[in-house]
Amino acid sequence: MAQFFKAKPNSSKQLSAKQSFSVHQLDHLGAGIAQHQGKVVFIPGALPSETVQAQLTEQKKNYARAKLIKVETPSAERVTPLCPHYQSCGGCDLQHMSLAGQREHKSAALVDIMAKFAGAEGNSVPALTGEGWHYRRRARLATLFDKNTKQLSLGFRASNSNQVVPIDSCLVLAKPLSDLIAPFAKLLNQLAAKSSLGHLELIDADNGHFAVIRITKSLNDKDMAKLAQFTEQHQIHICLQDNNGEFHGVNGTLLLPVYQLLDDTADATPVSLTFTPGNFVQVNAQINKAMVAQALDWLAPQPGERILDLFCGMGNFSLPLAKLGAEVIGVEGVPEMVSQARENAAANGLSNLTFYHGDLSADLSCEPWMGKIDKLLLDPARAGAFESLQWLKKMKPRQVVYVSCNPASLARDSAVLLERGYKLQKLGLIDMFPQTHHIEAMALFELAK
């Protein structure tokens, strides 16, 4: 059955006429790829094996972009998106593809990027997968105040836009949090300060549900009373974040969210990690546990081994590694997260764990932690760890586990490891964000003997 898509406005003065395209694959950002007059054409929303109608919107020397108008011959992997906000919200971009199809595409794209740009071929391992819906334990919703109607809406940004798309539920957000969106919108509209509210952050933690409301001015007593009543009614912890970034509990007590790791294994007692709203945590709790477990399995930490955890955050990998007996050094570039990591280590009674603050893109030769290590774990941001890997000769780890949220950076950095004598032993997809194009991965490198 043919499917029609709402065409988004385009700033081009002249749009080409609708044309038919045969799509043969997806790029790693989830757009369909076709050929037209010797050029590659990227068509978001189109799937492999489909014939579609699209309009060219951008012409470059070696490629073009087009917007999907109509699917003439749908793929067997095409499904009807479940979310009513899918065509306008910028949060998801692959709901029109079956979950199995998404994962097959992501796994193939990961292997292709690594082979093409790093010349690396490793033993692919089964993907780390979990629930396809209601998997996010955290989300930040933007606020939109209409000066004409005096009404405030909650929502997410539209794709490539600052426009806020109002929503009343979210199918990838944890169900208890999704169910709170509409009640929160109603509550916030009852506040006298509603026009001065910023974003709303919702968190599903192991010690309860949390909400953080960004405020630009102090709330009056009536507004505070309404928030306090809401906390009791919905059994949620609400805190306010002021202009200085400070957090204040609505009921006078500030409780921070906590999640546990190693709580489903007999090999170690659980570790608890406290985090501050606004600081980075992996949003998919189920996959994060599987990811940490796989890293521990691959590195097999032993008592007495010296393991370096770069880009360690507040200890997501560091604490479990130390819990299994290794001497762990964690290095992080955000001072607040280093402090949180130290507090987490102390709270879990781990003395074989040391954290340092450092710029991992700078000269590391004089850092107190730099030196010979047994194993290395990397979990960098999208920019990757290229600068840090220049110091491999000084560190000389036997094994390197690289956790990546950007396959392009992983491929580039893998080339450095291969040049330094390491061999890619294992490579696997981490499906952290179902219904989106995002590809995360874990790779194991071992120093060739």
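Residues numbered from 1 in each chain as written. Predicted model: local features only at pLDDT ≥ 70, side-chain atom pairs only at ≥ 80, totals over all residues. Heavy atoms only, no water.

1. Some details on the nonpolar core
The tendency in soluble globular proteins is for nonpolar side chains to be buried as a group.
Thinking step 1. Core analysis: the largest hydrophobic core is formed by 82 residues, its most contacted members being Phe184, Leu202, Ile213 and Val401.
Thinking step 2. Setting aside residues up to four positions removed in sequence, phenylalanine 184 forms contacts with Leu154, Leu200, Leu202, Ala211, Ile213, Phe230, Ile236 and Ile238.
Thinking step 3. Counting residues in each nonpolar core, the second largest holds 35 residues, with Ile113, Met114, Tyr402 and Ile439 among its members. (Core = buried A, V, L, I, M, F, W, Y, C linked by side-chain atoms within 4.5 Å. Buried < 20%, exposed > 50% of the residue type's maximum accessible area, 1.4 Å probe, protein only. Contact = heavy atoms within 4.5 Å.)

2. Details of the environment of glycine 358
Thinking step 1. Within the secondary structure, glycine 358 is located in the loop between strand 19 (353–357) and strand 20 (375–378).
Thinking step 2. In this view, glycine 358 contacts Val331, Glu332 and Gly333; residues no more than four positions away in its chain are not counted. (Helix = DSSP H or I, 4+ residues; strand = E, 2+ residues; numbered from the N terminus.)

3. Thoughts on the sheet that holds strand 11 (residues 197–205)
Thinking step 1. Taken in spatial order, the 7 strands make up an open sheet running 10-9-8-11-12-13-14, and their pairing is mixed. Both outer strands of the open sheet, strand 10 (164–166) and strand 14 (247–249), are each paired with one neighbouring strand and no more. Between one strand axis and the next, the sheet turns by 35 degrees as a mean value, whatever way the strands run.
Thinking step 2. As judged from the 6 bridges shared by strand 12 (residues 208–215) and strand 13 (residues 236–241), these two strands associate in the parallel manner. Note that in strand 13 the partner of alanine 211 across the bridge is isoleucine 238.
Thinking step 3. Lying over the sheet, helix 3 (residues 221–234) contacts strand 12 and strand 13, oriented at roughly 150 degrees with respect to strand 13. (Pairing = 2+ DSSP bridges. Axes fitted to C-alpha atoms, helices over the stretch in contact; angles between N-to-C directions.)

4. Considerations on helix 6 (residues 335–347)
Thinking step 1. Counted at 1.5 Å a residue, the expected span for helix 6 with its 13 residues is 18 Å, and the 18 Å between its end C-alpha atoms agrees.
Thinking step 2. Turning to helix 6, its buried residues number three or more, namely Met337, Val338, Gln340, Ala341, Asn344 and Ala345. The arc that holds every buried residue of helix 6, seen down its axis, measures 160 degrees, which confines them to one face. Helix 6 presents Glu336, Glu343, Ala346 and Ala347 as exposed residues on the side facing more than 90 degrees away from its buried surface.
Thinking step 3. Looking at the buried residues of helix 6, the elements they touch are strand 16 (271–274), helix 5 (318–323), strand 18 (327–332) and strand 19.
Thinking step 4. Phi for glycine 349, located one or two positions after helix 6, is positive at around 65 degrees. (Expected span 1.5 Å × (residues − 1). Arc of directions from axis to C-beta.)

5. Thoughts on the confidence of the model for the protein
Thinking step 1. Counting all residues, the mean pLDDT for the protein is 93, and 96% of those residues have values of 70 or more.
Thinking step 2. This model gives residues 1–15 a pLDDT under 50, and the stretch forms 28 contacts once residues within four places in sequence are excluded. (pLDDT = per-residue confidence, 0-100.)

6. Some remarks on the side chain of aspartate 379
Thinking step 1. With respect to the helices, strands and loops of the structure, aspartate 379 is situated in the loop between strand 20 and helix 7 (392–395).
Thinking step 2. Buried within the structure, aspartate 379 lacks any salt-bridge partner; arginine 137 is the closest side chain of opposite charge, at an N-O distance of 10 Å.
Thinking step 3. Not counting residues within four places of it along the chain, the set of residues in contact with aspartate 379 comprises Gln282, Leu310, Phe311, Phe317 and Val403. (Lys, Arg positive; Asp, Glu negative; His and termini not counted. Salt bridge = Lys/Arg side-chain N within 4 Å of Asp/Glu carboxyl O.)

7. Let's talk about the environment of valine 403
Thinking step 1. Tracing the backbone shows valine 403 in strand 21 (residues 399–404).
Thinking step 2. A relative accessible area of 1% places valine 403 in the buried class.
Thinking step 3. Expressed as a C-alpha distance, the spacing of valine 403 and alanine 346, which sit 57 residues apart in the sequence, is 25 Å.

8. Quick notes on the UniProt feature "binding site: [4Fe-4S] cluster" (unreviewed entry) in the protein
Thinking step 1. As recorded in UniProt, the sites labelled "binding site: [4Fe-4S] cluster" (unreviewed entry) are Cys83, Cys89, Cys92 and Cys170. In three dimensions, the annotated residues from a span of 88 residues occupy one location, with a maximal C-alpha spread of 10.3 Å.
Thinking step 2. Relative accessible area serves as the criterion here: at 15%, cysteine 83 is assigned to the buried category.
Thinking step 3. Setting aside its immediate chain neighbours within four residues, cysteine 83 contacts Gln95 and Leu171.
Thinking step 4. When you line up the elements, cysteine 170 lands in the loop between strand 10 and helix 2 (175–189).
Thinking step 5. In this structure cysteine 170 touches His134, Phe156, Ser178 and Ile181, once residues within four positions along its chain are discounted. (UniProt positions renumbered as here; feature names shortened; annotations may be inferred.)

9. A word on the sheet that holds strand 23 (residues 440–447)
Thinking step 1. With respect to topology, 8 strands assemble into an open sheet ordered 7-22-23-21-20-17-18-19, the strand pairing being mixed. Lying at the two open borders of the sheet, with one neighbouring strand each, are strand 7 (123–124) and strand 19.
Thinking step 2. Pairing geometry for strand 17 (residues 306–310) and strand 18, over 5 bridges, is parallel. If you follow arginine 306 over to strand 18, its bridge partner there is glutamate 327.
Thinking step 3. Against the sheet, helix 1 (residues 99–118) makes contact with strand 7, strand 22 (422–430) and strand 23, and its axis sits at roughly 160 degrees relative to strand 22, the strand it touches most.
Thinking step 4. Docked against the sheet, helix 8 (residues 407–419) engages strand 21, strand 22 and strand 23, running at close to 165 degrees with respect to strand 21.

10. Concerning the UniProt feature "binding site: S-adenosyl-L-methionine" (unreviewed entry) in the protein
Thinking step 1. Residues given the UniProt feature "binding site: S-adenosyl-L-methionine" (unreviewed entry) here are Gln282, Phe311, Asn316, Glu332, Asp359 and Asp379.
Thinking step 2. By the element assignment, aspartate 359 lies in the loop between strand 19 and strand 20.
Thinking step 3. For aspartate 359, a relative accessible area of 46% translates into the label partly exposed.
Thinking step 4. Reaching out from aspartate 359, the side chain makes a polar contact with the side chain of serine 361 at a distance of 2.7 Å. (Polar contact = N/O pair within 3.5 Å; in protein donor to acceptor, adjacent residues only side chain to side chain.)

11. Thoughts on the state of the cysteines
Thinking step 1. Here the structure, examined in full by the defined rule, presents 0 disulfides.
Thinking step 2. Distance from the sulfur of cysteine 170, which forms no disulfide, to the nearest cysteine sulfur (cysteine 92) is 6.3 Å.
Thinking step 3. Free of any disulfide, cysteine 405 has its nearest neighbouring cysteine sulfur in cysteine 312, separated by 15 Å. (Disulfide = S-S within 2.5 Å.)

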